[in-house]
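Structure assessment
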Amino acid sequence: MSEERDERRAREGRWSELMAAGQDGDAPAYEQLLRELLIPLRAFAMSRLGDPASVDDVVQNVLLSIHRARHSYRPERPFGPWLWTIARNAVTDSLRARSTRLRRELPIDELEGIDEPSVEQQPQLALSPALRAALDGLPPAQRQAVELMHVHQLSVAEAAERAGVSPGALKVRAHRGYKALRVALADEKP
Amino acid sequence: MSRSTDSLIRELSRGLQPVRRVPPLHRVAALAAALALATAAIALVTWGLNETFRGLNPEPRYWVAIAGLLSFAAGGAAAALGSTVPGNDPLIRGGVAAMVAGAMLTLLGSALFLARISAGEPAGSFWSALSLVCLGRSSLVAIPAAALLTLFAARGFPHRPWLTVGFGTLGLVAFGALPVTMSCGSESIFHIVFAHVLAPATAGLGLWAVLWLLYALLRSRREQS
């Protein structure tokens, strides 16, 4: 029992050091931390969801939350409570989003006979010439993510499916795309 | 590991920039407490003590109300600080428990005041221009420390930010009601209950909305930078 506790403490101590290094911009340490966290996060998500099919998506959401919250960790504090609070909140949000999505979706038999529109047939937002030019200047992966989610107004899951990537990866691309768009549009202002 | 999770990890680590850590909770707590105490002291000096508190022997109903407001204020500030940074569940739970205890005490205090109406004390009107002044004063005393907690929330990573801002704002309005209770000269029971003891539920809600807008503004700026 006490060996297990010591082992857990040692592991969390190492994660704390890796996170502190990551906060200082050490990318290899940060990557190692995220990789080490995968197994316990997967086990945690599995215990909460009980559905192996959605564990990957939820773990990716947890990783994104950890990334967005990384500035809120202080190395003098224990790493475990910080990590598991973020994981629990991200899993709760994922479960909530999934139940909302399920409530909105139609049963498959009600969709029979309806052809799925192509991306081009779906409603699109009109873009100003400046925004169009800024969008064209983005790297292809980021442009595709922004276009699918905000020009064609697809959900994250639909956009990820069309782009052939995970929802988490699509969110990262879209987020980087928005940042680049903001910078590009701010530069254009007189 | 699936290929997409692997690519996500690589994408998150690529070009990683250093980040500025949030300040330690105890430092923000000390700063907020100092700010709140200084504001309350300035308010008391400016407005002066009323007759009830000048002799420092007010009736028990006042002490019940003050204990309730103090407990609510400390609990709200603790819950706001705890919920700004992940991993502080015991602090949040303790803060919420103190808020609930404080709310019960303020309700008990209100009941003790209202019970005096039947004993012939002046009930007064439920709403007067003076109520607006007292509610405004409670908010005024709360603003500096509540704004500090809102700034901290915008720097941190609250899971339910509207709740984090609410804890801090309502708690500090309760604290702001203390110098108001100790300085206002009105003896109208309805005024004391509505504009002093229950200030967190009246003035607090308005200030919560204002500080929530401030939070949203700060957060959107932060995400743009």
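From a predicted model like this one, the values you see are computed outputs, not experimental measurements.

Conventions used here
Residues numbered from 1 in each chain as written. Chains lettered and ligands numbered in written order. Predicted model: local features only at pLDDT ≥ 70, side-chain atom pairs only at ≥ 80, totals over all residues. Heavy atoms only, no water. Disulfide = S-S within 2.5 Å. Core = buried A, V, L, I, M, F, W, Y, C linked by side-chain atoms within 4.5 Å. Buried < 20%, exposed > 50% of the residue type's maximum accessible area, 1.4 Å probe, protein only. Helix = DSSP H or I, 4+ residues; strand = E, 2+ residues; numbered from the N terminus. Contact = heavy atoms within 4.5 Å. pLDDT = per-residue confidence, 0-100. Polar contact = N/O pair within 3.5 Å; in protein donor to acceptor, adjacent residues only side chain to side chain. Buried area = accessible area lost by both parts, 1.4 Å probe. Salt bridge = Lys/Arg side-chain N within 4 Å of Asp/Glu carboxyl O. Nonpolar A, V, L, I, M, F, W, Y, C, P; charged D, E, K, R; others polar.

1. Here we look at the state of the cysteines
Throughout the structure, instances matching the rule amount to zero disulfides over all chains. As a non-bridged cysteine, B:Cys134 has B:Cys184 as the owner of its nearest cysteine sulfur, 3.7 Å distant.

2. Some words on the nonpolar core
Core analysis: the largest hydrophobic core is formed by 54 residues, its most contacted members being B:Phe113, B:Leu149, B:Phe152 and B:Leu172. For this core, the secondary structure elements donating two or more residues are α2 (25–47), α4 (60–84), α5 (89–115), α6 (129–155), α7 (161–183), α8 (189–197) and α9 (199–224) of chain B. In this structure, B:Leu172 is in contact with B:Ala36, B:Ala142, B:Ala145, B:Ala146 and B:Leu149, ignoring residues within four places of it in sequence. A:Ala29, A:Ala69, A:Val91 and B:Phe157 belong to the second-largest nonpolar core, a separate cluster that totals 35 residues.

3. A closer look at the confidence of the model for chain A
Here chain A shows a mean pLDDT of 81. Residues at 70 or above account for 84%. Ranking the elements of chain A by mean pLDDT puts helix α8 (residues 167–188) of chain A last, at 77, and helix α2 (residues 27–49) of chain A first, at 92.

4. Regarding the side chain of B:Thr181
Residues and elements named next belong to chain B. Tracing the backbone through its elements, the reader meets Thr181 in helix α7. At 2.6 Å, the side chain of Thr181 and the backbone oxygen of Ala177 are in polar contact. Ignoring any residue separated from it by four or fewer positions in sequence, one finds Thr181 in contact with Asn50, Phe53, Tyr62, Leu69 and His196.

5. Things to note about the interface of chain A and chain B
Listed per partner, the contact involves 45 residues of chain A and 35 residues of chain B. Carbon and sulfur atoms supply 57% of the area buried between chain A and chain B, which totals about 3,500 Å² over both sides. Among the residues of chain A in contact with chain B, A:Arg35, A:His71 and A:Arg74 are the three that bury the most area, contributing 18% of the side total. Our count for the contact surface shared by chain A and chain B stands at four salt bridges. Residue B:Arg160 is joined to A:Asp93 by a salt bridge in which the shortest nitrogen-to-oxygen separation is 3.6 Å. Taken together, chain A and chain B are joined by 13 residue pairs in polar contact (both at pLDDT 80 or more). In the side of chain A that touches chain B, the residues fall into 15 nonpolar, 12 polar and 18 charged.

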